[in-house]
Amino acid sequence: MLSDGLRLQGYGVALLSAWWQFHRTARINAAANILFDKKYWR
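Criteria and thresholds
Residues numbered from 1 in each chain as written. Predicted model: local features only at pLDDT ≥ 70, side-chain atom pairs only at ≥ 80, totals over all residues. Heavy atoms only, no water. Helix = DSSP H or I, 4+ residues; strand = E, 2+ residues; numbered from the N terminus. Buried < 20%, exposed > 50% of the residue type's maximum accessible area, 1.4 Å probe, protein only. Contact = heavy atoms within 4.5 Å. Areas by Shrake-Rupley, 256 points an atom, 1.4 Å probe, with all protein chains shown as cover.

A. Structural view of the overall build of the chain. Within the chain, the secondary structure is distributed over 0 helices and 2 strands. Among the 42 residues that make up the chain, the fraction classed as buried is 0%. Contacts spanning at least 24 positions in sequence make up 16% of the contacts within the chain whose residues lie at least 6 apart. For the chain, the accessible surface area stands at approximately 4,700 Å², while carbon and sulfur atoms represent 55% of it.

What follows is the structure, encoded as structure tokens:
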């Protein structure tokens, strides 16, 4: 339960990922996790 004096604001998390399969047995993966780093509550 939240007290009357505590207000939590909304938050957003951005995750980007991409991959490229340049050969049938080889693939490159790239990821950028938690962009725009901002503290948030769960």
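B. Representation of the environment of Ser17. The topology assignment puts Ser17 in strand E1 (residues 14–23). Residue Ser17 is classed as exposed on the basis of its relative accessible area of 66%. Distance in space between the C-alpha atoms of Ser17 and Ala30 is 5.7 Å, their sequence separation being 13 residues. Residue contacts for Ser17: discarding those within four places in its chain leaves Ala30 and Ala31.

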